[in-house]
Amino acid sequence: MTEPSPETTQQLPPEDVANPEVTAPAEEAAPLDPITALTQEVDRWKDLAYRSQAELDNFRKRSAREAQETRAYANADLLRALFPIIDNFDMGLEAARAESEKSMIFMGMSMVNRQIQDFLRDSGVMEIDSQGKAFDPNVHEAVAQEVSAEIAEGTVIRVTRRGYKLKDRMLRPASVIVASGPAAG
């Protein structure tokens, strides 16, 4: 190795030890008491540890809640796909009833209907009771209005498609026809 030439060596200014203004900021930045500084550092790390522990606990609780919710509502899409099939089955059941309630076809379809209703109930599905109730946009979908002098305005006259809930969640609103009050005369 070669020695650096004096031209390339930078000259550093000499420290002014006699001037207190130059050395004062360095003294203010350094803690006066090393024990206080270490105590502050320990407190800061303890606070960080407590916060991290709280965040971890909250994450665990949130994850458990989300997993439970996922299990509780996992069948929702399957059930939604089943509802149109149930609607068509109900129409077939009504057609068999109109033909003869004593026919073997009607009796067999009635047994299957009971099994379907038991399956839905065991799965946590509840049918929305709508007939004769006040119209509620949270659970009903109005498809028409009918003039009625006997039934109060805003009351469900007929259900055209049943609605369902899975526990507390709406799976499908009930399609209903609502009374519009007496005819304007």
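From a predicted model like this one, the values you see are computed outputs, not experimental measurements. (Residues numbered from 1 in each chain as written. Predicted model: local features only at pLDDT ≥ 70, side-chain atom pairs only at ≥ 80, totals over all residues. Heavy atoms only, no water.)

**Quick word on the overall build of the chain**
Okay, step 1: A count of helical and extended segments in the chain gives four helices and six strands.
Okay, step 2: Going from the N terminus to the C terminus, the chain shows its helices and strands as α-α-α-α-β-β-β-β-β-β.
Okay, step 3: Counted over contacts in the chain with a minimum sequence separation of 6, partners at least 24 positions apart contribute 62%.
Okay, step 4: As displayed, the chain has an accessible area near 14,400 Å², and 57% of this comes from carbon and sulfur atoms. (Helix = DSSP H or I, 4+ residues; strand = E, 2+ residues; numbered from the N terminus. Contact = heavy atoms within 4.5 Å. Areas by Shrake-Rupley, 256 points an atom, 1.4 Å probe, with all protein chains shown as cover.)

**Section: the side chain of Ser103**
Okay, step 1: Topologically, Ser103 is positioned in the loop between helix H3 (76-99) and helix H4 (104-122).
Okay, step 2: At a separation of 3.2 Å, a polar atom in the side chain of Ser103 contacts the main-chain amide nitrogen of Phe106. (Polar contact = N/O pair within 3.5 Å; in protein donor to acceptor, adjacent residues only side chain to side chain.)

**What to know about the sheet that holds strand E6 (residues 174-179)**
Okay, step 1: Strand order in this open sheet of three strands is E2-E6-E3, and the pairing throughout is mixed. Where the open sheet ends on each side, the last strands, each with one partner, are strand E2 (140-146) and strand E3 (156-161). Strand-to-strand twist in this sheet, taken as the mean axis angle between neighbours without regard to direction, amounts to 30°.
Okay, step 2: As judged from the six bridges shared by E2 and E6, these two strands associate in the parallel manner. Counted as the bridge partner of Ala142 is Val176 from E6. (Pairing = 2+ DSSP bridges. Axes fitted to C-alpha atoms, helices over the stretch in contact; angles between N-to-C directions.)

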